[in-house]
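A structural walkthrough
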Protein chains: 2
Amino acid sequence: MKTRVISGLIMVPLLVLVYLGGYFILAACTMVAIMGVREFYCGFEAMGIKPWKTLGMISAVPLAVIGCLSPEGWDLIALWIMVFVMVSLLYMFKIQERNPEDSMATILGIIYVVFFAYHVYLVDHAMHILVWMIFITAFGTDIFAYFSGYFFGKHKMAPVLSPKKTIEGAVGGVAGSAICSLLFAVIFAPEMIIHCAILGILCSPVSMAGDLTASAFKRKMGIKDYGNLIPGHGGIMDRFDSVLFVAPVVYYYIHFVIQ
Amino acid sequence: MKTRVISGLIMVPLLVLVYLGGYFILAACTMVAIMGVREFYCGFEAMGIKPWKTLGMISAVPLAVIGCLSPEGWDLIALWIMVFVMVSLLYMFKIQERNPEDSMATILGIIYVVFFAYHVYLVDHAMHILVWMIFITAFGTDIFAYFSGYFFGKHKMAPVLSPKKTIEGAVGGVAGSAICSLLFAVIFAPEMIIHCAILGILCSPVSMAGDLTASAFKRKMGIKDYGNLIPGHGGIMDRFDSVLFVAPVVYYYIHFVIQ
């Protein structure tokens, strides 16, 4: 637990990039996407699936260019998705060496890691102040669920998928996320208090779903952590599994509800 | 070959829907998407992968609704992609019964079949007359490649992937696609002659790539055809494998080059 807490502090430089916003966040998202998709693909290799690593990592670059030119240029993003899905499928043409699973895992990495991570930048672009909500709800849920579970946990939530998670932890996670979100709103965005409260409650279960999705993948891949980049936290993907799910929800909430 | 030609005529009702355009094409795309994704998933079942069939088939419905409300509503389409990717991933949570491959195949069906098929409607919406180019280039390539290969074929193009395809067939396919496109332009859209010529040549190899992608899947699935809906043509997916690849290319060409 000590390592876990201390290593959490390593995330501080990230806070600086989030604070600066704009291209700094875009650069951070692109880096997280490239490192994350690589870890994700290495996990697949552990279960005998061989995604096209280079393609997945490269896919983050044109998306970053779109981010510079026209962040919410959805037609460009649709073109980007189409091109990378098609090219991933062509990978299968060497059918003696490769399988549909290799193409499918490549595509999944590009959408689930690279495209989802891009939504952090989209949130920043749409409403800079609310980019904090992604991290407050994702990390707030994680930390409060961890400590609530540690002290009060009795009833297992998903015994097969993630044996340490308890219902008490989940409740504590939602409560923690809501409280942190409210505190944030009161201090930094009082005019947004209702939206922050809604996001605090809405994003918390989404964050857990992101965490459980990563657990399910790791179970099947037969690995404990995606990587070993941050001691006690595993790899980039272990730390950002919830963020990947929460960022799109915050973005579409801003885009369709607030704006 | 006789069955093949006669069955080709069964496609005539489709021409009527294409001619009518608008919601008729949207309805046709949605039906093709639902039947196609089902066939695609049944193919996966033949290789031991169990996609979430119901989800894939249902995914076409909200996309059709978006098509009615706001055809090029890319923000809605991005939300649609995100929701269906996330829900497909949750499918894995029953890790004792399900595998990442099941989720990945579900996602691939939703994007490669349902989303790609939607581009036929997008082309119609952006520039009705050019929707014909999708079918002229895809079917033109197919038919001319078939007959060129049949009469002149000598050098195998992809011996392992699709043993009957020849380089002579491919050249005939591109030439046939270009000629049909030019004829079409001269008669129906003389002001578009340059764009039709470019599309005729550009879409032909894309159409072959779509065909080979389907061949690669079918090889790995251990099936000869995706279905048996149209005698001599197999299932919906056997007939539309090229269209799925060509439609997005025509759409983005119109959107980014012509408009």
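The notes below deal with the structure included here.

Quick notes on the rules
Residues numbered from 1 in each chain as written. Chains lettered and ligands numbered in written order. Predicted model: local features only at pLDDT ≥ 70, side-chain atom pairs only at ≥ 80, totals over all residues. Heavy atoms only, no water. Contact = heavy atoms within 4.5 Å. Salt bridge = Lys/Arg side-chain N within 4 Å of Asp/Glu carboxyl O. Helix = DSSP H or I, 4+ residues; strand = E, 2+ residues; numbered from the N terminus. Nonpolar A, V, L, I, M, F, W, Y, C, P; charged D, E, K, R; others polar. Buried < 20%, exposed > 50% of the residue type's maximum accessible area, 1.4 Å probe, protein only. Core = buried A, V, L, I, M, F, W, Y, C linked by side-chain atoms within 4.5 Å. Axes fitted to C-alpha atoms, helices over the stretch in contact; angles between N-to-C directions. Parallel < 35°, antiparallel > 145°, perpendicular 65-115°, else oblique. Least-squares fit on C-alpha atoms with pLDDT ≥ 70 in both. Phe/Tyr/Trp six-rings, centres within 6.5 Å; stacked < 30°, edge-to-face > 60°. Lys NZ or Arg CZ within 6 Å of the ring centre and 35° of its normal. Lys, Arg positive; Asp, Glu negative; His and termini not counted. Polar contact = N/O pair within 3.5 Å; in protein donor to acceptor, adjacent residues only side chain to side chain.

1. A few points about the interface of chain A and chain B
Contact residues are listed per partner, giving 44 residues for chain A and 44 residues for chain B. At the surface where chain A touches chain B, the tally comes to 0 salt bridges. Breaking the side of chain A that touches chain B down by element, the ones donating at least two residues are α6 (74-90), α7 (100-126), α10 (193-221) and α11 (236-258) of chain A. Considering each element in turn, the side of chain A that touches chain B owes the most residues, 11 residues, to α6(A). When the residues that make up the side of chain A that touches chain B are grouped by side-chain class, the tally is 35 nonpolar, 4 polar and 5 charged.

2. A word on the pattern of salt bridges
Counted according to the given criterion, the structure contains 11 salt bridges over all chains. Of the charged contacts in the structure, one is a salt bridge between D225(A) and K224(A), with a shortest N-O distance of 3.8 Å. The exposed category is assigned to K224(A), whose relative accessible area is 70%. With a shortest N-O distance of 2.6 Å, K218(B) and D238(B) are connected by a salt bridge. Note that K218(B) is positioned in helix α9 (residues 193-221) and D238(B) in helix α10 (residues 236-258), a separation of 20 residues in sequence.

3. A closer look at the nonpolar core
By size, the foremost hydrophobic cluster in this structure holds 176 residues, and its most contacted members are F40(A), Y112(A), F40(B) and Y112(B). Sequence-distant contacts of Y112(B), defined by excluding residues within four places in its chain, comprise L89(A), F40(B), T213(B), A214(B), F217(B), M237(B), L244(B) and F245(B).

4. Details of the environment of A158(A)
Looking at where A158(A) falls in the secondary structure, it is placed in the loop between α8 (131-152) and α9 (167-188). Contacts of A158(A), omitting those with residues within four sequence positions, involve P163(A) and K165(A).

5. Details of the environment of G22(B)
All names here are of chain B. Relative to the helices and strands, G22 is located in the loop between α2 (12-20) and α3 (23-46). Sequence separation between G22 and C203 is 181 residues, and the spatial gap between their C-alpha atoms is 23 Å. If we ignore the near neighbours within four places in the chain, the residues touching G22 are Y121 and D124.

6. With respect to the environment of Y253(B)
All names here are of chain B. Checked against the element boundaries, Y253 lands in helix α10. For Y253, a relative accessible area of 10% puts it in the buried group. Expressed as a C-alpha distance, the spacing of Y253 and L202, which sit 51 residues apart in the sequence, is 10.0 Å. In this view, Y253 contacts H195, I198, L199, L202 and I258; residues no more than four positions away in its chain are not counted.

7. Some words on the packing of helix α5 (residues 60-69) of chain A against α6(A)
Residue and element names in this part refer to chain A. Put simply, α5 and α6 touch, their axes get as near as 10 Å, and they point 170° apart. If you check the angle between α5 and α6, you find them roughly antiparallel. Between α5, through P62, L63 and I66, and α6, the contact on the second element is made entirely by L76, I77, W80 and F84. Taken together, the residues of the contact of α5 with α6 sort by class into 7 nonpolar, no polar and no charged.

8. Describing the relation of the copies chain A and chain B
Its rotation angle being 180°, the transformation that places chain A on chain B also includes 0.0 Å of axial translation and leaves an RMSD of 0.0 Å. Considering both components of the superposition, the chain copies are consistent with a two-fold axis. A shared interface surface links the copies, since 100% of the contact residues of chain A are contact residues in chain B too.

9. What about the packing of aromatic side chains?
Summed over the entire model, instances satisfying the criterion amount to 49 aromatic pairs over all chains. A ring pair is formed by W80(A) and F115(A), whose centres lie 6.2 Å apart and whose planes are at 45°; its orientation type is tilted. Of the two residues, W80(A) is situated in helix α6 and F115(A) in helix α7; the sequence distance between them amounts to 35 residues. For the residue pair W80(A) and F115(A), the accessibility class agrees, reading buried in each case. What links up through ring pairs into an aromatic cluster is the set F40(B), Y41(B), F44(B), Y112(B), F116(B), F217(B), Y226(B) and F245(B). Taking the ring centre of Y91(A) as reference, the NZ or CZ of R98(A) above it sits at 3.9 Å.

10. Side note on the side chain of D124(B)
Residue and element names in this part refer to chain B. Along the chain, D124 turns up in helix α6 (residues 100-126). Look at D124: it is buried, it has no salt bridge, and the nearest opposite charge is R239 at 20 Å. Each residue touching D124, except ones within four places of it in the same chain, is listed here: G21, G22, I25 and V131.

11. What to know about the side chain of S103(B)
All names here are of chain B. Counting through the fold element by element, S103 comes out in helix α6. There is a polar contact of 2.7 Å between the side chain of S103 and the backbone oxygen of S88. Residue contacts for S103: discarding those within four places in its chain leaves S88, L89, Y91 and M92.

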